[in-house]
Amino acid sequence: MSPTMIALLCILAFVSVAALYVWLVYVPYMLDGDLDDEIDYTRFYEKPDLKGDGTTASPYLIETAGDLAELAGKVNQGSSYSNNYFVLMNDIDMTAYLSEGGKGYNDGAGWEMIGSFNKRSYFSGIFDGNGYTISGLTINRPDDDAGLFGYTYGADIYRFNVEAESIIAGNNAGALIGRAVVSQILDCSATVKQIFTTNNEYANGRGILIGYSSGSSVENSSAYGSLSLITDNFTSIGGIVGDMDYGGITNCFSSIELTAEAVGGTINAGGITGYMRGGSVTNCRSEGSITVSGDNTRAGGVAGCIEEVATIEKSSSSCDVAGDGSIGGFVGLSFGNISRSYAEGNVTGKSYTDNGKFVGVQEEGRIENCFSTGNITGGYFEGFAKFQSENGIIINCYAVSENISVRFVAYQNGTVENCYFSAELQNPETFINWDFMNVWYITEGGYPRLR
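Residues numbered from 1 in each chain as written. Predicted model: local features only at pLDDT ≥ 70, side-chain atom pairs only at ≥ 80, totals over all residues. Heavy atoms only, no water.

On a plain count of helices and strands, the protein chain comes out with five helices and 36 strands. Here the protein chain, with 451 residues, has 56% of them falling under the buried criterion. When contacts within the protein chain are restricted to residue pairs at least 6 apart in sequence, long-range pairs at least 24 apart make up 76% of them. As displayed, the protein chain has an accessible area near 18,000 Å², and 49% of this comes from carbon and sulfur atoms. (Helix = DSSP H or I, 4+ residues; strand = E, 2+ residues; numbered from the N terminus. Buried < 20%, exposed > 50% of the residue type's maximum accessible area, 1.4 Å probe, protein only. Contact = heavy atoms within 4.5 Å. Areas by Shrake-Rupley, 256 points an atom, 1.4 Å probe, with all protein chains shown as cover.)

A separate point is the side chain of D324. With respect to the helices and strands, the residue D324 is situated in the loop between β23 (320-322) and β24 (326-328). The buried category is assigned to D324, whose relative accessible area is 14%. Here the side chain of D324 touches G294 through a polar contact of 3.0 Å, landing on its backbone nitrogen. In contact with D324, other than residues within four places in its own chain, are V292, S293, G294, T297, K350, Y352 and T353. (Polar contact = N/O pair within 3.5 Å; in protein donor to acceptor, adjacent residues only side chain to side chain.)

This part covers the packing of aromatic side chains. Taken as a whole and judged by the stated rule, the model has 28 aromatic pairs. Residues F431 and W434 carry aromatic rings whose centres are separated by 4.5 Å and whose planes lie at 45° to one another, so their mutual orientation is tilted. These aromatic residues form a ring-pair network of at least three members: Y342, F371, Y398, Y420, F431, W434, F436, W440 and Y447. Over the face of the ring belonging to F117 we find R120, whose NZ or CZ atom lies 4.3 Å from the ring centre. Sitting over the ring of Y342, R449 keeps its end group 5.0 Å from the ring centre. (Phe/Tyr/Trp six-rings, centres within 6.5 Å; stacked < 30°, edge-to-face > 60°. Lys NZ or Arg CZ within 6 Å of the ring centre and 35° of its normal.)

A separate point is the pairing of strand β29 (residues 359-372). Within β29, ten of the 14 residues are buried, which leaves the element mostly enclosed by the surrounding structure. With three bridges joining them, strand β25 (residues 331-334) and β29 adopt parallel strand pairing. In the sheet register, L333 faces β29, and the bridge partner there is V361. Where strand β26 (residues 337-343) meets β29, five bridges bridge the pair, whose relative direction is parallel. Within β29, the residue paired with Y342 across the bridge is F371. As paired strands, β29 and strand β31 (residues 385-395) are joined by eight bridges and run parallel to one another. (Pairing = 2+ DSSP bridges.)

What follows concerns the sheet that holds strand β14 (residues 234-238). Spatially, the six strands line up as an open sheet ordered β10-β14-β17-β20-β24-β28, and their pairing is parallel. Each of the sheet's edge strands pairs with one partner strand only, and the pair in question is β10 (204-207) and β28 (354-356). For this sheet, the mean inter-axis angle between neighbouring strands, taken without regard to orientation, is 10°. Relative to strand β17 (residues 266-270), β14 is paired through five bridges, and the arrangement is parallel. The partner of G238 across the bridge, within β17, is G270. (Axes fitted to C-alpha atoms, helices over the stretch in contact; angles between N-to-C directions.)

Positive phi, close to 55°, is recorded for N283, a residue that is not glycine. Following the sequence through the fold, N283 ends up in the loop between β18 (273-282) and β19 (285-293). Judged by relative accessible area, N283 falls into the partly exposed class, the value being 43%. If you check the backbone angles, R340 has positive phi at about 50° while not being a glycine.

So, about the nonpolar core. A general trend in soluble globular proteins is that nonpolar side chains are found buried together. Core analysis: the biggest nonpolar cluster contains 94 residues, and W111, F123, F127, F160, I312 and F384 have the highest contact counts within it. Here this core takes six residues from strand β6 (residues 156-169), the largest share from any one element. Leave out the neighbours within four places in its chain, and F384 touches G356, K357, F358, V359, I367, C370, F371, I394, C397, Y398, A399 and F408. Counting eleven residues, the second-largest nonpolar core is a separate cluster that includes Y342, Y398, V400 and V439. (Core = buried A, V, L, I, M, F, W, Y, C linked by side-chain atoms within 4.5 Å.)

Let us now look at the pairing of strand β21 (residues 303-313). Summarising the sheet, β18 and β21 pair through eight bridges and their orientation is parallel. Counterpart to V281 in the pairing with β21 is I312. Bridge count for β21 against β26 is three bridges, and the pairing is parallel. Across the sheet, residue T311 finds its bridge partner in β26, namely N337.

Structurally, the position occupied by N268 is in strand β17. Exposure remark for N268: the relative accessible area of 0% places this residue in the buried category. In this structure N268 touches F234, T235, S236, I237, G274, Y275, R298 and C305, once residues within four positions along its chain are discounted.

Set out below in structure tokens:
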């Protein structure tokens, strides 16, 4: 082999190793912010002081709150534990642990999260909750993303419940995870009594389960809680995920009581997710109530606002939704696509707001095979949607109302086809080109329902 060829191979090997190092170490942080010099990223792994060795045959065992704290300490020092297995062995009450020895919840700071966005340390392992519950969680970290897990990247987290008393965070907050990036969450649930974020300079997400999700999947999970807030920045709040940046939410349920006020800021509030930049919500359901006030507010039983590349299908809501901005029984402001979904909750607005039984405003996208049975009060319009732009499409949808003289869409500029809003809804012959074999069914004297 010639000297030139050997030199080229050496250069190629060096470049490959360098590229791998950059991918493993720097890319996660380029997605979310500047690098932090406090962490030595050349150390990826340090064995925790836990039973087991982190393999599938002998996973690390989490038996006490002290074991959880051991994991948090190692992760926050730079060990991500990629491909390492952790198993929760019993219920853990965090209250007793954090109060012992006069620590007073770590001098008022509460739980030190597993992973810190500020320190650019994250958890990448596999955490099996084994069906157990972690309760009594209290966090007071006003300069960081906060949750039981503060920051996950490429993690698998499943099969356990988190019960949080209070969470105070800088930007993103959720009982389970503050910030979840390309992670998988399966069969988890969360309850929380209070979530508060302090950073008014940046957008933030508040979710009962997850605060901010980027490219992550959440499946077969649930959220329960009552939240109230006043904000003057861009805030997205939801039951499962507050702020959703692609990824997916599937087979999830939330029961949420939310009250939010925008004071010069913007609020996106939804029973499942507040704001969807992309990704999908599939086969999810929400219940409870959502009330928002302020001019720049969007609220819906499932989502507050969904962007162009976002999709929602086979989902429903019985949330009662009230507010001042773009308010819908299902979605407040929609640029995306919605199909085979319905809203059963009531909508309460004012004469000047954009209130719709199903969607407040449809700017773009397609809404197909959907319906709403709730009522609208406090406004002068009672239709399926208040406003539709020229790029909006609504097909094969209906809304139930005693007022048959009201238009299906108050200000229609786009396409509306085979949609109904009258007393004839109980007659299947009314519905032209509707698929009653595969999509819809109807019983005698009843309204069409989705299969």
